[in-house]
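Structure assessment
These are the residues of each chain, in order.
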Amino acid sequence: MKLLNFTLAATLVGALSCTPKYQGVVKDAETNSPISGVEVQIREDSTKVVTNENGEFEIECSNPNAKTLSWEAAGYMFEEKYNLKPSTNLNIQLRANKVSAAAARLESYREHGCEISNPEKPEWNIAFEQFDLKGDLAPDTAVTRRDPSAVIKVDGKYYVWYSYSLTFDEKKTAPWDFNDIYYATSTDGWNWKEEGIALARGEEGTYDHRSAFTTEIFVHEGKYYLVYQAAKDHAGIYTRNTVGIASSDSPDGPWVKESEPILHPTYTDNEYFDRSAVHDPCIIYYQNKFYLYYKGECSFSDKDGNMTWCDPVCGTDYGKYGMKQVKWGVAIADKPTGPYVKSDYNPITNTGHEISVWNYKDGVAILQHQDGPEGGTIQYSEDGVNFEIQGSVSNFPEAPGFYRPVSEATSPVTGASWGICHVLKWDVPGGWMHLKRFENVNKEYVVED
Ligand code: AAL
């Protein structure tokens, strides 16, 4: 009798003090063997545990609300789950991180110096020139237009989208702060009519409340997609932004946003190429999937706000800001709106900045601008992730958005024939930007559409 009472009491106490928790096991996605030493974190509670030798973990949470959990282990892709309710049978699979061709080259630069090997194939070399635009997109100090999308042609009309703000707006802490996405059309690609706002910042509390900017257009099966950088608050202007997407049946809108971002920075305290930002998103359709290319940033700030870039080997020297190296990543999905899964080969470049990518034959071509050893190169890959240097780019335009030809590419650089870029001007406090047209004047290899 005594024993029975004791058991009953213990059960009752157990039930009353039962705290919500997450419990489960972490395994290697390929070998299915348990992984020990994985750091498991509840983002909202800032609590962490580590998996035991059987890959098991148990972590209590402050309340039963759904939370963001992450799993992190050296040599594996970071795993994160959003809106996860406390649960006791989680089966987490981690994918081993693979080394891309560009990451392997970086290791060799690290050892042998920053000299690159460029075959300079004539059919791949590009020589850009830039020209002022006319009409509403002619230079105008009052308005900052920047980070244009690709240019597309619909029913005989060219379209371009871009970040828009008034130059003299004292609220702005950067030219891309408090932006909305505007668009313009043209019948000749030179003289543009600004059509107005395409996609506005969201309501208070939403992921793009502070700013919606740096957009790309993607067209698939008659549907239009604007993928863009989103800042919920001021933090997203300089660090840890997200990527949003909106779709429409017409290039003139209306645009319908997805309720959640489709891409986040890797939320790690360690040095990782996209821990601080996921910028310049651009989607292409490739091998029956949707490839979302983006630029990652990795930096750390000390308590005085002084910033250092991660791993600046062979980077670009920014004087008092130090050496900077930027790398791209790609995330792949079965549908344009996701869910997107970051590639095991990330990072897929050892250089950055803005994403410049197009389809060529059975592969993908890219330009590398700056912030790394391979700036000014043009590269090609047959799998969308392992890029090799092919040639050089001269007079690289800032933030190029390429004209997407309707017909099949007949030369490697057809996809970079012409487009819209921006120019940075610093003759007013905070600077201002306007759009320009650029063309590959190496005409021999350019095909008019
Ligand atoms: C650009 C892009 C992104 C950054 C900022 C605005 O060059 O890389 O868009 O956030 O600068």
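Computed from a predicted structure; not experimentally measured. (Residues numbered from 1 in each chain as written. Predicted model: local features only at pLDDT ≥ 70, side-chain atom pairs only at ≥ 80, totals over all residues. Heavy atoms only, no water.)

**A look at the overall build of the chain**
We apply this condition: Working definition: helices are DSSP H or I runs of at least four residues, strands are E runs of at least two. Numbering for both runs from the N terminus. Taken over C-alpha atoms, the radius of gyration is set against a globule rule of 2.2 Å times the number of residues to the power 0.38. Think of it in three bands: residues with accessible area under 20% of the maximum for their type are buried, residues over 50% are exposed, and the middle band is partly exposed, with areas taken using a 1.4 Å probe on protein chains only. Using a 1.4 Å probe, the Shrake-Rupley method yields the accessible areas, and only the shown protein chains count as cover for residues. In this charge count, Lys and Arg are treated as positive and Asp and Glu as negative; neither His nor the chain ends contribute. The atoms used to mark charge sites are NZ of Lys, CZ of Arg, CG of Asp and CD of Glu.
A tally of helices and strands in the chain yields 3 helices and 33 strands. A globule of 449 residues ought to have a C-alpha radius of gyration of about 22 Å, and the chain, at 24 Å, matches this closely. Along the first, second and third principal axes, the C-alpha atoms of the chain reach 95 × 50 × 50 Å. For the chain, buried positions account for 53% of its 449 residues. Accessible surface computed for the chain: about 20,400 Å², of which carbon and sulfur atoms make up 51%. Computing the positive centroid from 42 side-chain charges and the negative centroid from 65, the chain places the two 4 Å apart.

**With respect to the packing of aromatic side chains**
Rules: Here a Phe, Tyr or Trp ring, Trp counted by its six-membered ring, pairs with any other such ring whose centre lies within 6.5 Å, and the pair is stacked when the planes are under 30 degrees apart, edge-to-face when over 60, and tilted otherwise. By the criterion adopted, a ring carries a charge over it if an Arg CZ or a Lys NZ lies within 6 Å of its centre and within 35 degrees of its normal.
Scanning the model with the defined rule gives 24 aromatic pairs in all. An aromatic cluster is present here, built from Phe128, Trp358, Phe402 and Phe438 joined pairwise through their rings. Directly above the ring of Tyr267 sits Arg240, whose terminal nitrogen or CZ lies 4.2 Å from the centroid. Stacked on the ring of Tyr318, the Lys or Arg Lys324 has its end atom at 5.5 Å from the ring centre.

**Side note on the sheet that holds strand β15 (residues 211–220)**
Using the following cut-off: Should DSSP find at least two bridges between two strands, the strands are taken to pair.
Strands sit in the order β15-β16-β17-β18 across an open sheet of 4 strands; the sheet is antiparallel. At either end of the open sheet lies a strand with only one pairing partner, and these are β15 and β18 (256–257). Relative to β18, strand β17 (residues 242–248) runs antiparallel, the two sharing 2 bridges. Bridge pairing in β18 links Ala246 to Lys257.

**Points about the sheet that holds strand β7 (residues 87–94)**
Applied cut-off: Only the stretch in contact is used when fitting a helix axis, every axis being a line fitted to C-alpha atoms; angles between N-to-C directions are given from 0 to 180 degrees.
In spatial order, the strands read β4-β1-β7; together these 3 strands make up an open sheet with mixed pairing. Each edge of the open sheet is held by one strand with a lone partner, namely β4 (56–60) and β7. Between one strand axis and the next, the sheet turns by 25° as a mean value, whatever way the strands run. Sheet topology note: the strand β1 (residues 21–28)/β4 ladder contains 5 bridges and is antiparallel. Paired with Lys21 across the bridge in β4 is Glu60.

**What about the site of the ligand?**
Quick note on the threshold: When we say a residue is near a molecule or strand, we mean one of its heavy atoms is within 4 Å of it. Polar contacts, as counted here, are pairs of nitrogen or oxygen atoms within 3.5 Å of one another; within protein the pair requires one atom able to donate a hydrogen and one able to accept it, and residues that are adjacent in sequence qualify only if both atoms are side-chain atoms. Put simply, Ala, Val, Leu, Ile, Met, Phe, Trp, Tyr, Cys and Pro go in the nonpolar bin, Asp, Glu, Lys and Arg in the charged bin, and everything else, Gly too, in the polar bin.
Lining the immediate environment of the ligand, one finds Arg146, Asp147, Trp176, Phe213, Thr214, Gln229, His279, Asp280, Lys295 and His353. The contact in question runs from an oxygen atom of the ligand to an N or O atom on the side chain of Asp280, over 2.6 Å. Between Lys295 and the ligand, the recorded distance is 2.6 Å, taken from a side-chain N or O atom to an oxygen atom. Put simply, the parts of the chain that give the shell around the ligand at least two residues each are β15 and β19 (277–286). Among the residues making up the shell around the ligand, the classes are represented as 2 nonpolar, 4 polar and 4 charged.

**Remarks on the pairing of strand β10 (residues 143–146)**
Side-chain alternation along β10 places Val143 and Arg145 on one buried face and Thr144 and Arg146 on a second face that is also buried. Of the strand pairs in this sheet, β10 and strand β12 (residues 157–166) are connected by 4 bridges, and their pairing is antiparallel. Considered in β12, the bridge of Thr144 is made with Ser165.

**Notes on the environment of Met77**
Using the following cut-off: Only heavy atoms matter for contacts: two residues are in contact if any of them lie within 4.5 Å across the pair.
Looking at the element boundaries, Met77 is found in the loop between β5 (67–72) and β6 (79–84). Residues Met77 and Gln93, 16 residues apart in the sequence, show an inter-C-alpha distance of 9.9 Å. Setting aside chain neighbours within four positions, we find Met77 in contact with Trp71, Leu94, Arg95, Asn97, Tyr272, Lys342, Ser343 and Asp344.

**Observations concerning the pairing of strand β14 (residues 191–199)**
Here strand β9 (residues 134–135) pairs with β14 via 2 bridges, running parallel. Its bridge partner being in β14, Lys134 is matched across the sheet by Asn191. Pairing of strand β13 (residues 180–186) with β14, which is carried by 5 bridges, proceeds in the antiparallel orientation. When the bridges of β14 are listed, Ile181 appears paired with Leu199. In this antiparallel pair of consecutive strands, β13 and β14, the connection spans 4 residues, and Gly189 shows a positive phi of 80°.

**Regarding the confidence of the model for the chain**
Defined as follows: The quantity called pLDDT is the predictor's confidence in a given residue, expressed from 0 to 100.
Within the chain, residue pLDDT values average 93, and 95% of them lie at 70 or more. The spread of mean pLDDT over the elements of the chain runs between helix α1 (residues 2–16), the lowest at 46, and β13, the highest at 99. The low-confidence segment residues 6–17, where pLDDT is below 50, has 0 contacts with residues more than four positions distant or belonging to other chains.

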